[in-house]
Amino acid sequence: MEHLDEMTCLLYLEGQFDAQRARACSDHVDACPSCRTLLRTLERESLLFARALREEEETVPARLLALPGRGVRPLAWAWAASLALAATGSYALYAGYVQPAQEKLAQAGFGAGSLFDLLLFEVAFWKGWQPMLTLLETLAFLAVCGVALALLSRLLRRWAPFAAVLVLCLAFGGLPVPTSAAEVRHAQFEVVPTDQTIKNDLIFFGQSLRINGAVDGDVIAFGNSVDVNGRVTGDLISFAQSVHVTGEIDGNIRSFSNNLTLSGRVGKNVIAFLEKWSLEPEGKIGGSLTIFAETLSLDGKIGRDLLAFAGFTNLDGSIGGGMDLRGGTLAIGPTAKIDGKALFECQSAKYKPDVSPEAKLASPLEVRIAEPHKEHAAAGAIVWKCIWTAAVFLFGVVLFFLWPKFAGDAVRSADRYGASFGLGGLVLCGLPIAAVIACVTVVGLALGLTALLTWLLVLLFAAQLIVGAWLGEKLIGRAIGTPALVGRMALGLIIIRVLAAVPFLGFWVRLAVVLWGMGALSLAAYRRFASGTPAQQAPLPA
Amino acid sequence: MDAPEAVRMSAPPTIELAAIIAQAKAGDAEAWGGLYREFAAGIFRFCRRALPTREDAEDATMEIFVKIRERLGQYDSSRPFSSWLYKVAANHCWDLLRRRRTRQDKESDDIESLPLEHPDPSQLQQLIERRTGQEVRRALDTLGARARMALVLRYYSDMSYDEIADALGVRRAFVGVVLLRARHDLRKALAQSGAFAARGA
């Protein structure tokens, strides 16, 4: 006699067969002792499972029993007030800092800068500029990407990764796209001969690049030395040890270098971040010069404004617009000429500028001396800190509502102090290096820049948000849902920012928060994207 | 042998409960509080069985009631309220577990095939007789998400095959396969824990 298989026995036992099939099974079981025993055993197994699951019921936590009388939507007014405060703070930031910064940028010829420019250059010059511009631009960018991601994820529920890729493509599609694919050259020494014209953008990776001929497009160079003796019709963007321009550049120069010497002609503007800048007497800049340098030598001609942060400045050339110079020593020689307003700001009276009486200045040089620690002493600084805290809070709200699960995982990961601090230190030091290495390859350029930007955002904002939320949870209990987590984040954020304002202690608080928060975020990200194991499965402290 | 009492109610709501639900639907906070008090403990215990940790169960209970409050308007009062409530809870817990599934779970995704065998009843009997409820619960904690959820829905919440199919997102015809595979996994876990205990002794 053929026995019933286990599946048939189970379905029969659980009453899943129609009458006819059930009767057939019943007849078989009556006649077959083995199947009868199996059936009884399965039944006893079911009872064992049911009893095991239902016995020893756990006590219900008190907070679950206490909740309903309070209602599920508490303090709506507090939410409205917080968001109104954050919105006001953001407006104040915009009106007080962003708009003036934008006007200055516009004066310097960067008014119509693309988002790519902002991400690349504003982030790089973070310490020099008031950082508001990047914050708000980035917030807007992230918000748009997040909303798009949420909408697409909802439409394509099971295609979330596809949606993410699509959104990234759309986001990058919003960035300026070059009209044609660039010509990429990897070589130790690359020379564009005098009789050659490259009718395309040129991207160079290597030791040395010398352009004796012409490039009908932009030049982006990563190398040790870059020499432009010929002509570039677009922009020169360089990341190099030394840059020499004796030829002509019709567009802009944007340079991150050790030293740059310009004895040729630049049609538009120059923005540079370097140690030593030299504008030779025969050098000409059609637009403005915006520069961050240790030593600044200006013997040539600048068509429009000069905006500079420099340790030592020697001016013997001419400036067609105004001068706004901040830094240490300033010497204005007899051949110098400034057609607009001239302002010099220094940290101490000992840096009194040396102005030659023969110099031709449209208006007397205005000298401002910044009082030490004025920023901390002024009442305005407290208002500024409040506004800044509100802006960070707003950023946190956007972040937590865009990625509530990830934010929750990151906050739980912060419970693992050792792992968070260790990983935080590793990421803090290692990620920028990895990102720069990634930037060396064309494919990795976007990835490297994105990683750097994310690193910077985490460093400046996200780390304190995560640690703030963790601290809030420790103080008023674990959060249920995103609004509660945001509330705890607000509380913790205020505490962190107050502690960070304490002299001496503040530095260590900031460092600890950055390490801890960065580690927790990295841990959560690693678990989510690499292993798929959530942070909540990690053992939690009692 | 008496079957343990099923945890969830399958009867239609009483007149009193129906009135409370109607008031809660209309936005009466007191009525909502009454509903919460009536069912919160049961939902927490269900979540505790379905999810790995007590903290998870607490969080999930709160989240489930937030969902319930938002969706109360969708409840069809001709059906048992607790059945609907547990369906929402089951969907929520399964959603949570599915999001954190490990690779091991993914490997056992193929639920449509299971070798049809007639196991030796005496071996199975031995395994069952020697196991306590505590050992079964411990073994349950080691199972994959789908197996654990299937056993909890069937033997804790006493859900029908249709309801389990709906909660787990599988075809009704495969609920039996899912359950039998879960039982096999649990037996394996029990056998391993038994062997481990024997070695320890």
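These numbers come from a predicted model, not from an experiment.

## What to know about the overall build of chain B
Move 1: When helices and strands are tallied, chain B shows ten helices and zero strands.
Move 2: When the elements of chain B are put in sequence order from the N terminus, they spell out α-α-α-α-α-α-α-α-α-α.
Move 3: In chain B, which comprises 201 residues, the share counted as buried stands at 39%.
Move 4: For chain B, long-range pairs separated by at least 24 residues make up 72% of all intrachain contacts whose partners lie at least 6 apart in sequence.

## Overview of the overall build of chain A
Move 1: Regarding its fold elements, chain A presents 15 helices and 23 strands.
Move 2: Looking at chain A as a whole, 35% of its 542 residues are labelled buried.
Move 3: Within chain A, contacts between residues separated by at least 24 positions form 34% of all contacts whose residues are at least 6 apart in sequence.

## A look at helix α3 (residues 33-54) of chain A
Move 1: For α3(A), with 22 residues, the first-to-last C-alpha span of 32 Å sits near the 32 Å given by 1.5 Å per residue.
Move 2: Of the residues making up α3(A), those classed as buried are Cys35(A), Leu38(A), Leu39(A), Thr41(A), Leu42(A), Glu45(A), Leu48(A), Phe49(A), Ala50(A), Ala52(A) and Leu53(A).

## A short note on the environment of Ser82(B)
Move 1: If you trace the backbone, Ser82(B) turns up in helix α4 (residues 81-99).
Move 2: Counting along the chain gives 39 residues from Ser82(B) to Ile43(B), while the straight-line C-alpha distance between them is 9.7 Å.

## Let's talk about the sheet that holds strand β6 (residues 231-232) of chain A
Residues and elements named next belong to chain A.
Move 1: Spatially, ten strands are ordered β2-β4-β6-β8-β10-β13-β15-β17-β19-β22 in an open sheet, and the strand pairing comes out parallel. Since the sheet does not close on itself, it has two edges, and those belong to β2 (197-198) and β22 (360-361), each with one partner.
Move 2: In the sheet, strand β13 (residues 284-285) pairs with strand β15 (residues 301-302) via two bridges, with the strands oriented parallel. When the bridges of β15 are listed, Lys284 appears paired with Lys301.

## Some points on the nonpolar core
Move 1: Ranked by size, the top nonpolar core spans 67 residues in total, and within it Ile43(B), Cys47(B), Ala89(B), Cys93(B), Met149(B), Ala150(B) and Leu151(B) carry the most contacts.
Move 2: Looking at this core, the element that brings in the most residues is helix α2 (residues 29-50) of chain B, giving ten residues.
Move 3: If we skip the residues at most four places from it in the chain, Cys93(B) touches Cys47(B), Ala50(B), Leu51(B), Ala60(B) and Met149(B).
Move 4: Val192(A), Val245(A), Ile249(A) and Leu325(A) belong to the second-largest nonpolar core, a separate cluster that totals 53 residues.

## Comments concerning the packing of α2(B) against helix α3 (residues 54-71) of chain B
When two helices pack together, their arrangement is captured by the angle between the axes and the distance separating the axes.
All names here are of chain B.
Move 1: Where α2 meets α3, the axes come as close as 9 Å, and the angle between the chain directions of the two elements is 140°. One way to sum up the angle between α2 and α3 is to call them oblique. For α2 against α3, the interelement crossing comes out right-handed. Across the interface between the two elements, Trp32, Tyr36, Ala40, Ile43, Phe44, Cys47 and Arg48 from α2 touch Arg54, Ala57, Ala60, Thr61, Ile64, Phe65 and Arg69 from α3.
Move 2: Here the contact of α2 with α3 is composed, by residue class, of ten nonpolar, one polar and three charged.

## Considerations on the pairing of strand β16 (residues 306-315) of chain A
Residues and elements named next belong to chain A.
Move 1: β16 sits mainly inside the fold: seven of its ten residues count as buried.
Move 2: One ladder, built from nine bridges, connects strand β14 (residues 289-298) with β16; its direction is parallel. Within β16, the residue paired with Ser297 across the bridge is Asn314.
Move 3: In terms of strand pairing, β16 meets strand β18 (residues 323-332) through nine bridges, oriented parallel. In the strand pairing of β18, Leu307 is matched with Asp324.

## Points about the pairing of strand β5 (residues 219-228) of chain A
Residue and element names in this part refer to chain A.
Move 1: In terms of residue burial, β5 counts as a mostly covered element, since seven of its ten residues are buried.
Move 2: As judged from the eight bridges shared by strand β3 (residues 202-211) and β5, these two strands associate in the parallel manner. Bridge pairing in β5 links Leu202 to Val219.
Move 3: In terms of strand pairing, β5 meets strand β7 (residues 236-245) through nine bridges, oriented parallel. Residue pairing across strands places Val228 opposite Val245, the latter belonging to β7.

## A few points about the packing of α3(A) against helix α7 (residues 133-141) of chain B
Move 1: Contact geometry of α3(A) with α7(B) gives a least axis separation of 8 Å together with a crossing angle of 85°. Classed by the angle they form, the pair α3(A) and α7(B) counts as roughly perpendicular. The segment α3(A) lies against α7(B), with Leu48(A), Phe49(A), Arg51(A) and Ala52(A) engaging Gly133(B), Val136(B) and Arg137(B).
Move 2: The residue makeup of the contact of α3(A) with α7(B), split by class, is four nonpolar, one polar and two charged.

## Brief notes about the confidence of the model for chain A
Move 1: Averaged over chain A, the pLDDT score is 76; the fraction of residues at 70 or greater is 72%.
Move 2: Long-range and interchain partners of residues 111-116 of chain A, a stretch whose pLDDT sits below 50, account for eleven contacts in this model, where long-range means more than four residues apart.

## Focus: the environment of Gly517(A)
Move 1: Within the secondary structure, Gly517(A) is located in helix α15 (residues 505-531).
Move 2: Apart from residues lying up to four places away in sequence, Gly517(A) is in contact with Ala462(A), Ala463(A), Gln464(A), Ile466(A) and Val467(A).

## Observations regarding α3(B)
Move 1: Given a rise of 1.5 Å per residue, 18 residues ought to cover 26 Å, and the 25 Å separating the end C-alpha atoms of α3(B) matches this to within 8%.
Move 2: If you check which residues of α3(B) are buried, you get Asp56(B), Ala57(B), Glu58(B), Asp59(B), Ala60(B), Thr61(B), Met62(B), Ile64(B), Phe65(B) and Ile68(B).

## Overview of the confidence of the model for chain B
Residues and elements named next belong to chain B.
Move 1: Confidence along chain B averages 78 in pLDDT terms, with 82% of residues attaining 70 or more.
Move 2: Within chain B, the lowest mean pLDDT, 44, falls on helix α5 (residues 103-107), and the highest, 89, falls on helix α8 (residues 145-155).
Move 3: Below pLDDT 50 for its whole length, residues 102-108 participates in nine contacts with residues either more than four positions away or in separate chains.
Move 4: Per the prediction output, this complex has pTM 0.42; the corresponding ipTM is 0.81.

Analysis parameters
Residues numbered from 1 in each chain as written. Chains lettered and ligands numbered in written order. Predicted model: local features only at pLDDT ≥ 70, side-chain atom pairs only at ≥ 80, totals over all residues. Helix = DSSP H or I, 4+ residues; strand = E, 2+ residues; numbered from the N terminus. Buried ≥ 20, exposed ≤ 12 C-beta atoms within 10 Å, placed from the backbone. Contact = placed C-beta atoms within 7 Å. Expected span 1.5 Å × (residues − 1). Pairing = 2+ DSSP bridges. Core = buried A, V, L, I, M, F, W, Y, C linked by C-beta atoms within 7 Å. Axes fitted to C-alpha atoms, helices over the stretch in contact; angles between N-to-C directions. Parallel < 35°, antiparallel > 145°, perpendicular 65-115°, else oblique. Left-handed = near helix turned anticlockwise from the far one by under 90°. Nonpolar A, V, L, I, M, F, W, Y, C, P; charged D, E, K, R; others polar. pLDDT = per-residue confidence, 0-100.

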